[in-house]
Amino acid sequence: MQYNSTRDRNISVSSAWAIKKGLSAEGGLFVPESFPTLSMEEIDALADYTYHERAYYVLSKFLTDFTEAELKKCIAAAYTKEKFETNSIAPVYELNQSAYFLELWHGPTCAFKDMALQILPHLLTVSMKKTNESNEVVILVATSGDTGKAALEGFKDVNGTRIIVFYPENGVSEIQKRQMVTQEGNNVSVAAVKGNFDDAQNGVKKIFTDEEYKELLDRNHFSLSSANSINWGRLVPQIVYYFSAYSDLVKGGKIVCGDRINVVVPTGNFGNILAAYYAKKMGLPIARFICASNENNVLTEFINTGVYNKNREFHTTISPSMDILISSNLERFLYDLTDGSDTLIREWMTKLSAEGCYEVTPEVKERLSELFFAGFCDDAETMAAIRRTKAEYDYVMDTHTAVAKAVYDKYVAQTGDNTKTIIASTASPFKFNQSVLIALEDFNYVAGKDEFTLLNELAQKSGMAIPKSLAELKNKPVIFDTVCGRDEMRQIVSDFLMVD
Ligand SMILES: *Cc1c(COP(=O)(O)O)cnc(C)c1O
């Protein structure tokens with residue numbers, strides 16, 4: 001299996017190369033040249049597999065240059081019972097007869113990014129060996145909160161790698177910030193950027209495309225790579241859990257193999273929902289994708305009108321990991337919907353960066369609306385969904401999952417569609433405890449209480465245990481307190497690597 005670039009389909013590289021590079025040299029994203037398919041018999045057989053076995057089955061179809069032993073070792077190192085506190089890794093919770101939460105937050109940082117970022121460092125170190133890389137790999141990450149911590153946890157103390165994470169100064173929750181600034185490990189660094197997530201991401205992109213800087217790093221035996229969700233090694237492990245969730249429904253007798261389901265995903269960078277779409281391309285019977293956004297509803301408008309327009313007010317919401325105006329992985333989806341037209345992708349992406357806006361063709365619009373339903377909700381609706389779901393089912397969701405649930409409820413009200421539905425549950429409610437408690441009680445209830453008091457309160461209200469990694473934060477010292485301007489990011493990297 002080879003990988004092409006979305007902006008130049010003549011580029012063709014192995015998966016090891018795609019994972020090592022992260023982004024193609026001309027700015028495109030790597031996509032598989034074709035999609036392997038699973039027969040219904042093969043999908044049916046997955047029901048009796050463990051999560052590890054399901055992961056191997058799916059990943060081996062894509063990472064064909066990895067040996068069986070290499071791949072199994074990566075999977076075993078990533079998805080341990082110790083790190084995930086559950087054998088099933090990504091359990092499915094039955095809310096009622098039509099809605100099922102796919103809980104993707106049992107990993108070490110309590111958010112779904114762990115699903116990919118626990119395995120990426122292992123895929124990357126194997127990829128480095130396979131491509132005879134002698135430079136040390138430097139992972140540069142711009143984060144809206146969850147990615148940063150998950151990447152730090154994944155890469156800490158992994159030989160032959162270093163990692164530096166930039167987060168928007170005022171765009172992440174208190175807990176997220178604490179998780180990052182207390183990070184341990186001998187190869188890690190963290191800095192806050194004055195601005196929002198897009199400022200941080202643009203700053204990182206600028207460093208990646210700076211040829212002169214690349215040469216300077218190379219002379220010092222460093223190569224840049226990305227752990228953002230544009231890396232193929234991030235995306236491919238996410239396909240696994242959609243197969244796994246489907247298999248769990250089959251195994252539990254909730255559906256018979258072949259039944260079609262819907263999938264709802266709270267969406268930001270479009271990585272998670274794209275993985276679900278790729279699962280469908282591989283044969284998983286998914287009828288509809290429901291793309292849920294918060295008030296930063298660029299994608300809702302895009303899916304409903306075919307116009308992508310990032311020229312709008314940026315909202316800081318209670319679901320900060322979805323506060324995004326440029327959904328990078330959409331590029332891969334558009335490449336697929338245009339049957340691999342690198343010309344159209346180049347045209348649209350050039351327009352996006354020059355004018356902040358582009359419009360897709362009528363054919364693409366039509367395919368979009370056949371496959372996708374898109375909706376959004378504001379913070380008040382997000383809170384209402386948390387309160388309602390707790391009252392009705394005694395189940396407590398985090399704010400991102402609540403966006404998905406609120407939009408799903410709108411979808412059902414609008415269409416009457418009662419197809420069994422998997423709702424991606426992307427973070428533990430403990431990670432966003434303040435907003436969750438405001439939703440369940442009110443502002444006064446949380447006023448003056450610190451993060452750790454709130455964790456205890458939420459444990460009492462929800463009947464759930466505080467995740468160990470969050471409880472431990474209380475006693476960890478702050479290690480990183482750097483705040484930098486948008487144009488100082490390169491210097492921060494240089495200081496960390498001690499190059500100039
Ligand atoms: C990253 C994130 C999302 C958005 O996922 P994308 O793959 O970027 O669309 C949703 N919820 C949480 C909790 C996240 O961390």
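Details of the structure are given in the entry above.
Rules of the game
Residues numbered from 1 in each chain as written. Predicted model: local features only at pLDDT ≥ 70, side-chain atom pairs only at ≥ 80, totals over all residues. Heavy atoms only, no water. Buried < 20%, exposed > 50% of the residue type's maximum accessible area, 1.4 Å probe, protein only. Helix = DSSP H or I, 4+ residues; strand = E, 2+ residues; numbered from the N terminus. Pairing = 2+ DSSP bridges. Salt bridge = Lys/Arg side-chain N within 4 Å of Asp/Glu carboxyl O. Near = heavy atom within 4 Å. Polar contact = N/O pair within 3.5 Å; in protein donor to acceptor, adjacent residues only side chain to side chain. Areas by Shrake-Rupley, 256 points an atom, 1.4 Å probe, with all protein chains shown as cover. Nonpolar A, V, L, I, M, F, W, Y, C, P; charged D, E, K, R; others polar. Phe/Tyr/Trp six-rings, centres within 6.5 Å; stacked < 30°, edge-to-face > 60°. Lys NZ or Arg CZ within 6 Å of the ring centre and 35° of its normal. Contact = heavy atoms within 4.5 Å. Axes fitted to C-alpha atoms, helices over the stretch in contact; angles between N-to-C directions. Parallel < 35°, antiparallel > 145°, perpendicular 65-115°, else oblique. Arc of directions from axis to C-beta.

**Regarding the pairing of strand 5 (residues 99–103)**
Of all five residues making up strand 5, five are buried, and the element is well covered by its neighbours. Where burial is concerned, the two faces of strand 5 agree: the one with Ala99, Phe101 and Glu103 and the one with Tyr100 and Leu102 are both buried. Pairing of strand 4 (residues 92–94) with strand 5, which is carried by three bridges, proceeds in the antiparallel orientation. Residue pairing in the sheet places glutamate 94 in a bridge with tyrosine 100 of strand 5. By the bridge criterion, five bridges tie strand 5 to strand 15 (residues 421–425) in an arrangement that is parallel. Bridging from a neighbouring strand, alanine 99 pairs with threonine 421 of strand 15.

**Some points on the pattern of salt bridges**
Scanning the entire structure with this criterion turns up 25 salt bridges. The closest approach of N and O atoms between aspartate 248 and arginine 54, which form a salt bridge, is 2.9 Å. Here aspartate 248 is found in helix 12 (residues 232–251), whereas its partner arginine 54 is found in helix 3 (residues 51–62), with 194 residues between them in sequence. Residue aspartate 248 is classed as partly exposed on the basis of its relative accessible area, which comes to 23%. Here aspartate 342 ties to arginine 346 by a salt bridge, and the two come within 4.0 Å at their closest N and O atoms. Residue aspartate 342 and its partner arginine 346 are both found in helix 16 (residues 342–355); the two are separated by four residues, about one turn of the helix. Accessibility expressed as a relative area gives 11% for aspartate 342, which makes it buried. Residue classification places arginine 346 among the partly exposed positions, given a relative accessible area of 37%.

**Considering the site of the ligand**
If you check the shell around the ligand, you find 15 residues, and the closest are Lys113, Asp146, Gly268, Asn269 and Thr426. Taking lysine 113, its side chain carries an N or O atom lying 2.5 Å from an oxygen atom of the ligand. In the environment of the ligand, an oxygen atom lies 3.2 Å from a nitrogen or oxygen atom belonging to the backbone of glycine 271. Within the complex, the protein chains bury 98% of what would otherwise be the 380 Å² of accessible surface of the ligand. Each residue belonging to the shell around the ligand can be placed in one class, and the counts come to five nonpolar, eight polar and two charged.

**Focus on the packing of aromatic side chains**
Inspection of the entire model under this criterion finds 23 aromatic pairs. The interplanar angle of 85° and the centroid separation of 4.8 Å between the aromatic rings of tyrosine 277 and phenylalanine 333 together place this pair among those described as edge-to-face. Here tyrosine 277, found in helix 13 (residues 271–281), pairs with phenylalanine 333, found in helix 15 (residues 330–337); they are 56 residues apart in sequence, far enough to count as distant. Judged on exposure class, the residue tyrosine 277 and its partner phenylalanine 333 are both buried. Members of the aromatic cluster, each reached through a chain of ring pairs, are Tyr3, Phe35, Phe62, Trp232, Phe270, Tyr277, Tyr278, Phe289, Phe333 and Phe372. The aromatic ring of phenylalanine 376 is capped on one face by lysine 410, whose charged end is 5.7 Å from the ring centroid.

**Observations regarding the sheet that holds strand 8 (residues 188–193)**
For sheets, the rule is that strands pair by backbone hydrogen bonds, running either parallel or antiparallel. An order of 9-6-7-8-16 is seen for the five strands of this open sheet, with the pairing classed as parallel. If you trace the sheet from one side to the other, it starts and ends with strand 9 (222–226) and strand 16 (483–484), each paired once. Pairing geometry for strand 8 and strand 16, over two bridges, is parallel. Along strand 16, the bridge assignment pairs valine 193 with cysteine 484. Against the sheet, helix 10 (residues 197–208) makes contact with strand 6 (136–142), strand 7 (161–168), strand 8 and strand 9, and its axis sits at roughly 150° relative to strand 6, the strand it touches most.

**Regarding the packing of helix 18 (residues 379–393) against helix 19 (residues 399–415)**
Interhelical geometry of helix 18 versus helix 19 gives an angle of 90° and a closest axis separation of 8 Å. As the angle between them shows, helix 18 and helix 19 are arranged roughly perpendicular. Two secondary-structure elements touch here, helix 18 through Glu381, Thr382, Ala385, Ile386, Arg388 and Thr389 and helix 19 through Thr399, Ala402, Val403, Lys405, Ala406, Asp409 and Lys410. In the contact of helix 18 with helix 19, the residues fall into five nonpolar, three polar and five charged.

**Considering the environment of isoleucine 423**
Position of isoleucine 423 among the secondary structure elements: in strand 15. Placed 160 residues apart in sequence, isoleucine 423 and valine 263 show a C-alpha to C-alpha distance of 5.9 Å.

**Observations regarding helix 11 (residues 211–219)**
Regarding helix 11, the residues found buried are Tyr213, Leu216 and Leu217. The buried residues of helix 11 occupy an angular sector of 95° when projected down its axis, which confines them to one face. Seen from the open side of helix 11, the exposed residues pointing more than 90 degrees away from its buried face are Glu212 and Arg219. Summarising the contacts, the buried residues of helix 11 are in contact with helix 10, strand 9 and helix 24 (489–497). By the N-cap criterion, in which a side-chain oxygen at the helix start approaches the backbone nitrogen of a residue two or three places on, helix 11 is capped by aspartate 210, the distance to glutamate 212 being 3.2 Å. Just downstream of helix 11 lies histidine 221, where phi reads positive at about 65°.

In short, shape yes, function no, at least from these values alone.
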